[in-house]
Amino acid sequence: MAEARCRVVVLISGTGTNLQALLDTFAAADSPAEIVGVVSNRPGVGGLERAARAGVATAVVDHRDFPDRAAFDAALLDKVASFAPDLVALAGFMRILGAEFVRHFAGRLINIHPSLLPRYPGLDTHKRAIEAGDSHGGATVHFVTEELDGGPAIVQAAVPILPDDDPGALAARVLTVEHQIYPLAVEWFASGRLALRDGQALLDRQPLPAGGYRFEE
Ligand code: NHR
Ligand code: GAR
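The shown structure was predicted, so the numbers you read here are calculated from the model rather than taken from an experiment.

Caption draft 1: A look at the pattern of salt bridges. Using the criterion set out here, one finds 6 salt bridges in the structure. Between Asp 62 and Arg 64 there is a salt bridge whose closest N-O contact spans 2.9 Å. For Arg 64, a relative accessible area of 54% corresponds to the exposed category. In this structure, Asp 165 engages Arg 173 in a salt bridge whose closest nitrogen and oxygen atoms are separated by 2.7 Å.

What follows is the structure, given as structure tokens:
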């Protein structure tokens, strides 16, 4: 009998090109992961259409329907847990998650962040990298902890910053590597190669370096 596939729930807030990369990578019935649900905190976004087109269940938990962050977090936790995920992947998800949510999914909650962490946690990463005069931007997949964009890195890819870049141009260049490294990280997790142990990210039981595995095209 075939081994059970890793059940992945993807959390989105927008367009969902990273979601699309995951849907495409794991579409085959014999792939190690299966996207079983997509949950958005914003109704009507492109990522929900991508999921529906792929035949994946969707749900919206709109943060504006809740009196405070704790109530939103509790409702989101219930919705995500209803899919019985083995892995929860944030893909352009724009709401900071509270301690209860993070603790519930600890070790099976990952994010893709559009910077070379530990540089530029938080928002407006591309603008900040350009204004600092950095030679490179990039993206990092990391385990999510209570510290915003501060959890152990899994894989990181760099792209050059060009002389006339604006944040939009850099964001587009970074997205092309995001679409390579996020499926890679999910595949590692789904095939049992990646784990978080005692606050340390392990690949094939070996500690990953501080910035994660360095992906080269
Ligand atoms: N939650 C925790 N606890 N830890 C992390 O590492 C998280 C997280 C939730 C989301 C993604 C992150 C990113 O990759 C992420 C990592 C949203 C904000 C933010 O400031 C910052 C970082 C990230 C996501 N959000 C505003 C807020 O008040 C709202 C902004 C908006 O709605 O446009 O939640 O960049
Ligand atoms: C991606 O660049 C992702 O790294 C970033 O938003 C974009 C989403 O694109 N995430 C964040 O900024 C999280 N705060 P997508 O919807 O096309 O995947």
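Caption draft 2: Structural context of the pairing of strand 6 (residues 136–143). Judged by how many residues are buried, strand 6 sits mostly within the fold: 7 of 8 residues are covered. Here strand 5 (residues 109–113) pairs with strand 6 via 4 bridges, running antiparallel. Looking at the pairing, Ile 110 lines up with Phe 143 of strand 6. As judged from the 7 bridges shared by strand 6 and strand 7 (residues 153–160), these two strands associate in the antiparallel manner. Within strand 7, the residue paired with His 136 across the bridge is Pro 160.

Caption draft 3: Structural context of the site of ligand 2. Taken together, the residues surrounding ligand 2 are Thr 15, Gly 16, Thr 17, Asn 18, Gly 92, Phe 93, Met 94, Ile 112, Pro 114, Leu 175 and Glu 178. One of the side-chain nitrogen or oxygen atoms of Glu 178 is found 2.7 Å away from an oxygen atom of ligand 2. A total of 450 Å² of accessible area belongs to ligand 2 in isolation, and the protein chains cover 82% of it. Of all elements in the fold, only helix 1 (17–25) and helix 6 (167–190) reach the threshold of two or more residues within the shell around ligand 2.

Caption draft 4: Representation of the site of ligand 1. Around ligand 1 sit 21 residues, and of these Arg 69, Leu 97, Asn 111, His 113 and Asp 149 come closest. With respect to ligand 1, the backbone of Ile 96 contributes an N or O atom lying 3.0 Å from an oxygen atom. A distance of 2.9 Å separates a nitrogen atom of ligand 1 from a polar backbone atom of Leu 97. With 3 residues, strand 5 is the largest single contributor of residues to the shell around ligand 1. Across the shell around ligand 1, the residue classes tally to 10 nonpolar, 5 polar and 6 charged.

Caption draft 5: Representation of helix 6. Across its 24 residues, helix 6 extends 33 Å between first and last C-alpha, which sits within 8% of the 34 Å expected from 1.5 Å per residue. Its axis deflected by about 30° at Val 177, helix 6 carries its strongest bend there. Looking one or two residues beyond helix 6, the residue adopting positive phi is Gly 192, at roughly 80°.

Caption draft 6: Spatial organisation of the sheet that holds strand 8 (residues 194–197). Strand order across the open sheet formed by 3 strands is 8-9-10, with antiparallel pairing between neighbours. The open sheet has two edge strands with one neighbour each: strand 8 and strand 10 (206–207). When strand 9 (residues 200–203) meets strand 10, the two strands line up antiparallel, connected through 2 bridges. Within the sheet, the bridge partner assigned to Leu 203 lies in strand 10 and is Gln 206.

Caption draft 7: Region of interest: the side chain of His 126. Its location among the elements puts His 126 in helix 5 (residues 125–131). Every residue in contact with His 126, bar those within four places of it in the chain, is listed here: Pro 114, Pro 167, Leu 170, Ala 171 and Val 174.

Caption draft 8: Local environment of the sheet that holds strand 1 (residues 6–12). One open sheet accounts for 8 strands, arranged 3-2-1-4-5-6-7-11; its pairing is mixed. One side of each edge strand has no neighbouring strand; the edge strands of this open sheet are strand 3 (57–60) and strand 11 (213–215). Adjacent strand axes in the sheet meet at a mean angle of 20°, parallel and antiparallel pairs treated alike. Pairing geometry for strand 1 and strand 2 (residues 33–40), over 7 bridges, is parallel. Residue pairing for strand 2: Cys 6 is matched across the bridge by Ala 33.

Parameters and conventions
- Residues numbered from 1 in each chain as written.
- Chains lettered and ligands numbered in written order.
- Predicted model: local features only at pLDDT ≥ 70, side-chain atom pairs only at ≥ 80, totals over all residues.
- Heavy atoms only, no water.
- Salt bridge = Lys/Arg side-chain N within 4 Å of Asp/Glu carboxyl O.
- Buried < 20%, exposed > 50% of the residue type's maximum accessible area, 1.4 Å probe, protein only.
- Helix = DSSP H or I, 4+ residues; strand = E, 2+ residues; numbered from the N terminus.
- Pairing = 2+ DSSP bridges.
- Near = heavy atom within 4 Å.
- Polar contact = N/O pair within 3.5 Å; in protein donor to acceptor, adjacent residues only side chain to side chain.
- Areas by Shrake-Rupley, 256 points an atom, 1.4 Å probe, with all protein chains shown as cover.
- Nonpolar A, V, L, I, M, F, W, Y, C, P; charged D, E, K, R; others polar.
- Expected span 1.5 Å × (residues − 1).
- Bend = angle between axes of the 7 residues up to and from the residue.
- Contact = heavy atoms within 4.5 Å.
- Axes fitted to C-alpha atoms, helices over the stretch in contact; angles between N-to-C directions.

Nothing here speaks to function; it is geometry throughout.
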